[in-house]
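Understanding the architecture of this molecule
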Amino acid sequence: MWLAWWFAVEAGRDDHDYGYGGGGCLGILCVPLILPFVGLLHAAVQIAPPAAALARRLSRVLPGPAWALHLTGSVLIGAGWSVPALVLWGWPVGDTLPWFAGVGVLLILTRD
């Protein structure tokens with residue numbers, strides 16, 4: 001509760017004497033409500049379908065259970081998303097790969 005109060009106080013400050021001083025609080029407080037859905041949408045659209053297609057191609061070449069091939073596809077797609085982060089912003093692949101791959105892994109593990 002104190003965290004919500006702190007957000008409201010900090011977002012309501014107007015250090016530059018212009019604009020309305022209370023509007024930022026709503027935006028800051030909505031972030032925890034909206035961000036999980038945006039992450040799920042990202043995983044469902046940009047990671048899971050390419051990982052499933054890659055798993056189908058891998059199943060023709062490699063033997064193994066379908067869930068392991070889906071996880072492999074998800075990690076490879078995560079690696080693919082880590083490369084632009086490295087090139088554009090200089091983020092290390094070792095830091096971004098677990099995050100990008102983890103989003104797809106969680107979505108794959110919840111499928112039947």
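If you're wondering where the values come from, they're calculated on a predicted model, not measured in any experiment.

Moving on, we come to the overall build of the protein chain. Within the protein chain one finds four helices and zero strands. Listed N to C, the secondary structure of the protein chain is α-α-α-α in terms of helices and strands. Here the protein chain holds 112 residues, and 20% of them are scored as buried. Considering only intrachain contacts with a sequence separation of at least 6, the fraction spanning at least 24 residues in the protein chain is 44%. Summed over its atoms, the accessible surface of the protein chain is roughly 8200 Å², and 72% of this surface lies on carbon and sulfur atoms.

Turning our eyes to something else, we now look at the packing of aromatic side chains. According to the stated counting rule, one finds one aromatic pair in the structure shown. Ring geometry for Trp89 versus Trp91: centroids 5.1 Å apart, planes at 25 degrees, classification stacked. The exposure class of Trp89 is exposed, given its relative accessible area of 55%. Judged by relative accessible area, which is 43%, Trp91 ranks as partly exposed.

This part takes up helix H3 (residues 66-89). If you check H3, its first and last C-alpha atoms are 35 Å apart, about what 24 residues at 1.5 Å a residue would give, namely 34 Å. Within two residues after H3, Gly90 carries a phi angle of roughly 75 degrees, on the positive side.

With respect to the helices and strands, Ser82 occurs in helix H3. What makes Ser82 buried here is its relative accessible area of 0%. If near-sequence neighbours (up to four positions away) are discounted, Ser82 is found in contact with Val93, Thr96, Leu97 and Phe100.

Right, let's get into the environment of Ala43. Here Ala43 shows up in helix H2 (residues 24-61). Of the residues examined, Ala43 reaches a relative accessible area of 2% and is grouped as buried. Each C-alpha atom of the pair Ala43 and Gly104 lies 5.7 Å from the other, and the pair is 61 residues apart in sequence.

Time to look at the confidence of the model for the protein chain. As a general rule, the predicted coordinates of low-pLDDT regions are not to be interpreted in detail. For the protein chain, per-residue confidence averages 76 on the pLDDT scale, and residues scoring 70 or more make up 70% of the total. Within the protein chain, no element has a lower average pLDDT than helix H1 (residues 2-11), which sits at 63, and none a higher one than H3, at 87.

Rules and cut-offs
The residue numbering used here restarts from 1 in each chain and proceeds along that chain's sequence as written. The predicted origin of the model limits local features to residues at a pLDDT of at least 70 and limits the giving and counting of side-chain atom pairs to 80 or more, whereas totals for whole chains, interfaces and linings rest on all residues. Side-chain measures were taken over the full set of non-hydrogen atoms in the model, leaving aside hydrogen atoms and water. Strands are runs of DSSP state E lasting at least 2 residues, helices are runs of H or I lasting at least 4, and numbering of each runs from the N terminus. Buried, partly exposed and exposed residues are distinguished by accessible area as a fraction of the type maximum, computed with a 1.4 Å probe on protein chains only: under 20%, between the cut-offs, and over 50%, respectively. Any pair of residues with heavy atoms lying within 4.5 Å of one another is described as a contacting pair. Each accessible area is a Shrake-Rupley result for a 1.4 Å probe, and residues are judged covered by the shown protein chains and nothing else. Side-chain rings of Phe, Tyr and Trp, where Trp is taken by its six-membered ring, are said to pair if the distance between their centres is within 6.5 Å; with planes under 30 degrees apart they count as stacked, over 60 as edge-to-face, and otherwise as tilted. Given the number of residues in a helix, its expected span is that number minus one, multiplied by 1.5 Å. In predicted models, pLDDT denotes the confidence assigned by the predictor to each residue on a 0 to 100 scale.

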